[in-house]
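Chain residues, written in single-letter form:
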Amino acid sequence: MSLKLKIIQPTRTVIDTECDHVIIPGVAGDFGVSAGHTPFISQLRSGTIVVYYSGKKKGKDNFAIHDGFVTIENDTIRIVCEIIEKNKEIDRSRAEKSKKRAEERMATREGEIDYRRAESSLKRALARIQTLSDH
């Protein structure tokens, strides 16, 4: 049995495909979804989505995702997010520089709002780097 995977941004559907298994970064930790999974809804954190395929498209795809939520019902996974990037779209050098800048801003602790922005930026950079490392 296979799963239907839909990843949606506010302006477009990014992915609409069939797959065998998906690993998703939930706020409580990563979790895997296969056919027959129990229905539920979860908030997502920045991290890597790994999509596994068999048949003609055998292999896997990695995507960096930055927050959002997922619903799982009747072997259909729907992910709604603001930003999702395929590993081939990520620039490692840029992600490493972003990580360094965010760490430097967090170390100065100049203000609560700036700290939170730097923390979000760091999470996004780490998700991008992890996505590149996982493939």
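Given the structure is predicted, the values throughout are model-derived calculations rather than measurements.

1. Here we look at the overall build of the protein chain
Logical step 1: A tally of regular secondary structure across the protein chain gives two helices and 10 strands.
Logical step 2: Along the chain direction, N to C, the helices and strands of the protein chain fall in the order β-β-β-β-β-β-β-β-β-β-α-α.
Logical step 3: On the principal axes, the C-alpha backbone points of the protein chain span a range of 50 × 30 × 25 Å.
Logical step 4: Scored against the burial criterion, the 135 residues of the protein chain give a buried share of 39%.
Logical step 5: A sequence separation of at least 24 residues applies to 52% of the contacts in the protein chain between residues at least 6 apart.
Logical step 6: For the protein chain, the exposed area adds up to about 8000 Å²; of that, 48% sits on carbon and sulfur atoms.
Logical step 7: Once the 24 positive and 20 negative side-chain charges of the protein chain are each reduced to a mean point, those two points are 3 Å apart.

2. Let's talk about the state of the cysteines
Logical step 1: Under the counting rule described, the total for this entry stands at zero disulfides.
Logical step 2: Between Cys-19, a cysteine without a disulfide, and Cys-81, which holds the nearest cysteine sulfur, the sulfur-to-sulfur distance is 15 Å.
Logical step 3: With relative accessibility at 3%, the residue Cys-19 sits in the buried group.
Logical step 4: A relative accessible area of 4% means that Cys-81 is categorised as buried.

3. Topic: a nonpolar patch on the surface
Logical step 1: Nonpolar side chains collect at one region of the surface, where Ile-41, Phe-69 and Val-80 lie side by side and expose about 280 Å² of accessible area between them.
Logical step 2: Locating Ile-41 in the fold gives a position in strand β5 (residues 40-44).
Logical step 3: Note on Ile-41: relative accessible area 66%, which makes it exposed.

4. Describing the pattern of salt bridges
Logical step 1: In this structure the tally under the stated criterion is seven salt bridges.
Logical step 2: In this structure, Glu-96 engages Arg-92 in a salt bridge whose closest nitrogen and oxygen atoms are separated by 3.8 Å. Of the two residues, Glu-96 and Arg-92 both sit in helix α1 (residues 92-108), four residues apart, roughly one turn of that helix.
Logical step 3: Shared partners join several salt bridges into a network, and the residues in it are Lys-4, Lys-6 and Asp-16.

5. Some words on the pairing of strand β7 (residues 59-66)
Logical step 1: Counting buried residues along β7, six of its eight residues qualify, which places the element largely inside the surrounding structure.
Logical step 2: Both strand β6 (residues 47-53) and β7 contribute to a ladder of seven bridges, which runs antiparallel. By the bridge assignment, Ile-49 is partnered in β7 with Phe-63.
Logical step 3: The antiparallel pairing of β6 with β7 creates a hairpin that spans five residues between the two strands, and Gly-55 there sits at a positive phi of about 70°.
Logical step 4: Bridge analysis of β7 against strand β10 (residues 83-86) gives four bridges, and the strand direction is antiparallel. Paired with Phe-63 across the strands is Lys-86, a residue of β10.

6. Remarks on the nonpolar core
Logical step 1: By size, the foremost hydrophobic cluster in this structure holds 21 residues, and its most contacted members are Leu-5, Ile-24, Ile-49, Ile-77 and Ile-79.
Logical step 2: Elements represented by at least two residues in this core include exactly β1 (3-9), β2 (12-19), β3 (21-26), β4 (29-34), β6, β7, β8 (68-73) and β9 (76-80).
Logical step 3: If sequence neighbours within four positions are ignored, Ile-24 has contacts with Gly-29, Asp-30, Phe-31, Val-33, Leu-44, Val-70, Ile-77 and Ile-79.
Logical step 4: Counting five residues, the second-largest nonpolar core is a separate cluster that includes Ala-102, Met-106, Tyr-115 and Leu-122.

What counts and how
Residues numbered from 1 in each chain as written. Predicted model: local features only at pLDDT ≥ 70, side-chain atom pairs only at ≥ 80, totals over all residues. Heavy atoms only, no water. Helix = DSSP H or I, 4+ residues; strand = E, 2+ residues; numbered from the N terminus. Buried < 20%, exposed > 50% of the residue type's maximum accessible area, 1.4 Å probe, protein only. Contact = heavy atoms within 4.5 Å. Areas by Shrake-Rupley, 256 points an atom, 1.4 Å probe, with all protein chains shown as cover. Lys, Arg positive; Asp, Glu negative; His and termini not counted. Charge placed at Lys NZ, Arg CZ, Asp CG, Glu CD. Disulfide = S-S within 2.5 Å. Patch = residues over 30% accessible without salt bridge, like charges linked within 9 Å, V, L, I, M, F, W, Y side chains within 5 Å. Salt bridge = Lys/Arg side-chain N within 4 Å of Asp/Glu carboxyl O. Pairing = 2+ DSSP bridges. Core = buried A, V, L, I, M, F, W, Y, C linked by side-chain atoms within 4.5 Å.

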